[in-house]
Amino acid sequence: MLASRLAFQVLLHVLFEHAVGYALLALKEVEEISLLLPQVEECVLNLGKFHNIVRLVAFSPFSSSQVALENANAVSEGVVHEDLRLFLETHLPSKKKKVLLGVGDPKIGAAIQEELGYNCQTGGVIAEVLRGVRLHFHNLVKGLTDLSACKAQLGLGHSYSRAKVKFNVNRVDNMIIQSISLLDQLDKDINTFSMRVREWYGYHFPELVKIINDNATYCRLAQFIGNRRELNEEKLEKLEELTMDGAKAKAILDASRSSMGMDISAIDLINIESFSSRVVSLSEYRQSLHTYLRSKMSQVAPSLSALIGEAVGARLIAHAGSLTNLAKYPASTVQILGAEKALFRALKTRGNTPKYGLIFHSTFIGRAAAKNKGRISRYLANKCSIASRIDCFSEVPTSVFGEKLREQVEERLSFYETGEIPRKNLEVMKEAMVQAEEAAAEITRKLEKQEKKRLKKEKKRLAAIALVSSENSSSTPEEWEETPKKKKKKQKPQEAPLENGMEDPSVSFSKPKKKKSFSKEELVSSDLEETAGSGSLPKRKKSLPREEPVSDPEESGNKKIPKKKRKLSPKEEPLSRGPEEAAVSKSSGSKKKKKLQKLSQET
């Protein structure tokens, strides 16, 4: 009892990593906590009792989501981040021997103990205390709500998962895994469907099965021939194109004439041809998928594909799960990769363990003698392990090392057969290093050229966008200025013929200068004439109303100016005036007469 109390005289702190920041908590009553674990488990659920055990010493929030993601990645990898180092050195006591730090992850605890020198502890009471801190964290930190803490955890979880998915963007070995799986499935399906076509079409033309062995070629021929009775000499050239052999084409033509098959209806032939076309399309897609797999393997694992082939290398990557996992495997594991069942059965029955797994499909093991198959498979697995590590961890992928390793396997195979001593590994690797540097320099030059071209295109595109935007911004005020100018230009042509006198004299009333038709002298002279003789008054009455507006329906419709009308000549007056207009003209004439009399009296 006394020893346990002395052991816990040190200060116990707990480090808690949250999505919003780091928290450092101190434990009260360390002795009781260490001795009574069931009571601690009960106190975790009660906030009041939990506050009596734990108090918050310091809290350091993350400045941004990017910083939170960096710290989360560091903690998951067992690396002490600079923010965590600064936080612990600031808030933990300076005497490191008297401090015991509780952490949740043993890896980060070992890293802290190694780099900072603090004793770390995991499990037991620490796990229960961290469970309580995780439950009541929003109550321990002021200003933090449960909703904001949940949002921070959700956002950090999404960004952490996204970063893990995008960890290896350039070397997408996932595409290789899916491609080789689909390729194997297509091989099985095409084989099954081709056997179905052989059985189905064999009722009508059974001799074709013995002549043609390839499944895809058989389906193409079944689609082309159809009814065997319609096959004649005209189709012989097409048969030679499909079979790539004149003798086989001639044999098919001869067999169709003396075939023992049954007659078949047109509907059955249509179904057979449609199914054959589907099998042919599947085989064509299989070829395109194989081309795609070869291109992907040359990008992701060029050395492995140059050494052992694209298909076998892709199967090794798919079986391991990724190129990184394959690179981590030892050569002994790579050798029996794919033969796990045989291995465990041999271990269980204490029999002979398998010598090879997936690498058996390479050409080297098939070419070796029976007594040398185990030795060449072990040597080939060693070289495959080296090639996978080069592909995984090299910055610039190149197939130079794979080609050199393939040469070494060839030399070892010839050594087993003829006894010729192969070159040493050191000499071969020196040559490979020189060639790899040259290839890497050439690849980097190509990449730099491509990057320069891309940057030039980007600059041109941005310049074009800026030019278009500047033209749009400069054209908007000009358009506002040009709109009234255009309106004025449209009005001027209407006034120009009036000023130049080019228009008909009947439209001359639109001039504003000719509003007054009489001057004062003319009015006075007319008044004197009225006083001199009374006989001239009726004539004056007829001449005076010339200023009165007279409505002309044709001209009013053309010019739409109601106030300004042209003056009528004395000859036109009797034609245009009616009885009402005559009365109006008499009343207006009397008014004019009164005005003239007033003016004459004033003078």
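Quick notes on the rules
Residues numbered from 1 in each chain as written. Predicted model: local features only at pLDDT ≥ 70, side-chain atom pairs only at ≥ 80, totals over all residues. Heavy atoms only, no water. Helix = DSSP H or I, 4+ residues; strand = E, 2+ residues; numbered from the N terminus. Buried < 20%, exposed > 50% of the residue type's maximum accessible area, 1.4 Å probe, protein only. Contact = heavy atoms within 4.5 Å. Areas by Shrake-Rupley, 256 points an atom, 1.4 Å probe, with all protein chains shown as cover. Expected span 1.5 Å × (residues − 1). UniProt positions renumbered as here; feature names shortened; annotations may be inferred. Pairing = 2+ DSSP bridges. Right-handed = clockwise from strand over helix to strand, strands pointing away. Patch = residues over 30% accessible without salt bridge, like charges linked within 9 Å, V, L, I, M, F, W, Y side chains within 5 Å. Salt bridge = Lys/Arg side-chain N within 4 Å of Asp/Glu carboxyl O. Axes fitted to C-alpha atoms, helices over the stretch in contact; angles between N-to-C directions. Parallel < 35°, antiparallel > 145°, perpendicular 65-115°, else oblique. Left-handed = near helix turned anticlockwise from the far one by under 90°. Nonpolar A, V, L, I, M, F, W, Y, C, P; charged D, E, K, R; others polar. Lys, Arg positive; Asp, Glu negative; His and termini not counted. Charge placed at Lys NZ, Arg CZ, Asp CG, Glu CD. Arc of directions from axis to C-beta. Core = buried A, V, L, I, M, F, W, Y, C linked by side-chain atoms within 4.5 Å.

A. Local environment of the overall build of the protein chain. Within the protein chain, the regular secondary structure consists of 30 helices and five strands. The buried share of the protein chain, taken over its 603 residues, is 33%. The long-range share in the protein chain, meaning contacts at least 24 apart out of those at least 6 apart in sequence, stands at 66%. Accessible area for the protein chain stands at about 38400 Å²; split by element, carbon and sulfur atoms hold 55% of it.

B. Looking closely at helix 16 (residues 266-300). Compared with an ideal rise of 1.5 Å per residue, which puts 35 residues at 51 Å, helix 16 spans 51 Å between its outermost C-alpha atoms and is within 8% of the ideal. Those residues of helix 16 that fall on the buried side of the exposure criterion are Leu269, Ile272, Ser276, Val279, Val280, Ser283, Leu289, Leu293, Lys296, Met297 and Val300. Looking at the buried residues of helix 16, the elements they touch are helix 11 (173-202), helix 13 (215-225), helix 17 (302-308), helix 18 (310-320), helix 19 (323-328) and helix 23 (373-393).

C. Representation of the UniProt feature "coiled-coil region" (unreviewed entry) in the protein chain. In this numbering, the UniProt entry assigns the feature "coiled-coil region" (unreviewed entry) to residues 426-465. What you have in residues 426-465 is 100% helix and 0% strand, and the ends, taken at the C-alpha atoms, are 57 Å apart.

D. Representation of the pairing of strand 4 (residues 99-102). Here strand 4 shows two buried faces, one formed by Val99 and Leu101 and the other by Leu100 and Gly102. With three bridges connecting them, strand 4 and strand 5 (residues 119-121) associate as parallel partners. If you follow Leu100 over to strand 5, its bridge partner there is Asn119. Crossover strand 4 to strand 5 through helix 7 (residues 106-115) is right-handed.

E. Focus on a nonpolar patch on the surface. Together, Trp200, Tyr203 and Met262 line one region of the surface with nonpolar side chains, adding up to about 350 Å² of accessible area. Mapped onto the elements of the fold, Met262 is located in the loop between helix 15 (246-257) and helix 16.

F. How the structure looks around unusual backbone geometry. Even without being a glycine, Met244 presents a positive backbone phi close to 60°. Here Met244 lies in the loop between helix 14 (236-243) and helix 15. Relative accessible area serves as the criterion here: at 71%, Met244 is assigned to the exposed category. Within the chain, Arg350 stands out as a residue other than glycine whose phi angle is a positive 60°. On the secondary structure map, Arg350 appears in the loop between helix 21 (340-349) and helix 22 (363-367).

G. Here's a closer look at the packing of helix 14 against helix 15. Interaxial distance between helix 14 and helix 15 falls to 8 Å at its minimum, and their mutual angle equals 125°. Taken as axis vectors, helix 14 and helix 15 run oblique relative to one another. Classified by chirality, the crossing of helix 15 by helix 14 is right-handed. The segment helix 14 lies against helix 15, with Leu236, Leu239, Glu240 and Thr243 engaging Gly246, Lys248, Ala249, Lys250, Ile252 and Leu253. Its residues placed into classes, the contact of helix 14 with helix 15 shows five nonpolar, two polar and three charged.

H. Geometry of a positive patch on the surface. A grouping of Arg445, Lys449, Lys452, Lys453, Lys456, Lys457, Lys459 and Lys460 is seen on the molecular surface, where their side chains present a positively charged patch. The topology assignment puts Lys457 in helix 25 (residues 425-500).

I. Layout of helix 7. For helix 7, the complete set of buried residues consists of Ile108, Gly109, Ala111 and Ile112. Take helix 7 and look down its axis: the buried residues cluster within an arc of 165°, on one side only. More than 90 degrees from the buried face of helix 7, the exposed residues found are Pro106 and Glu114. In the stretch just after helix 7, Gly117 is the one whose phi turns positive, near 90°.

J. Molecular detail of the side chain of His81. For His81, the location among the structural elements is in the loop between helix 5 (65-76) and helix 6 (82-91). Residue His81 is classed as buried on the basis of its relative accessible area of 19%. The residues touching His81, leaving out its near neighbours within four places in the chain, are Glu70, Asn71 and Ala74.

K. Representation of the environment of Leu88 in the model. Mapped onto the secondary structure, Leu88 falls in helix 6. For Leu88, a relative accessible area of 0% translates into the label buried. A sequence separation of 64 residues divides Leu88 from Leu24, and the C-alpha atoms of the two residues are 8.3 Å apart. Apart from the residues lying within four places of it in its own chain, the contact partners of Leu88 are Leu15, Leu24, Leu101, Ile112, Leu116 and Tyr118.

L. Seen up close, the nonpolar core. Of all hydrophobic cores here, the largest spans 39 residues; its most connected members are Leu304, Leu307, Ile308, Ile317, Leu326 and Leu380. Those elements giving two or more residues to this core turn out to be helix 11, helix 16, helix 17, helix 18, helix 19, helix 22, helix 23 and helix 24 (400-418). Within the second largest apolar cluster, 25 residues are counted, among which are Leu92, Val103, Tyr118 and Leu156.

M. Region of the structure containing the pattern of salt bridges. Per the counting criterion, the structure on display carries 19 salt bridges. Two residues, Arg85 and Glu115, come together in a salt bridge whose shortest N-O distance is 2.7 Å. With a gap of 30 residues between them, Arg85 in helix 6 and Glu115 in helix 7 connect regions that are remote in the sequence. Judged by its relative accessible area of 22%, Arg85 falls in the partly exposed class. Here Arg423 makes a salt bridge to Glu407, at a shortest N to O gap of 3.2 Å. Taken together, the residues Arg423 in the loop between helix 24 and helix 25 and Glu407 in helix 24 connect sequence positions 16 residues apart. Residue Arg423 is classed as partly exposed on the basis of its relative accessible area of 30%. In this structure Glu407 comes out as partly exposed when scored by relative accessible area, which is 34%. What you see here is one network of salt bridges that share partners, running through Lys404, Glu407, Glu411, Arg423 and Glu431.

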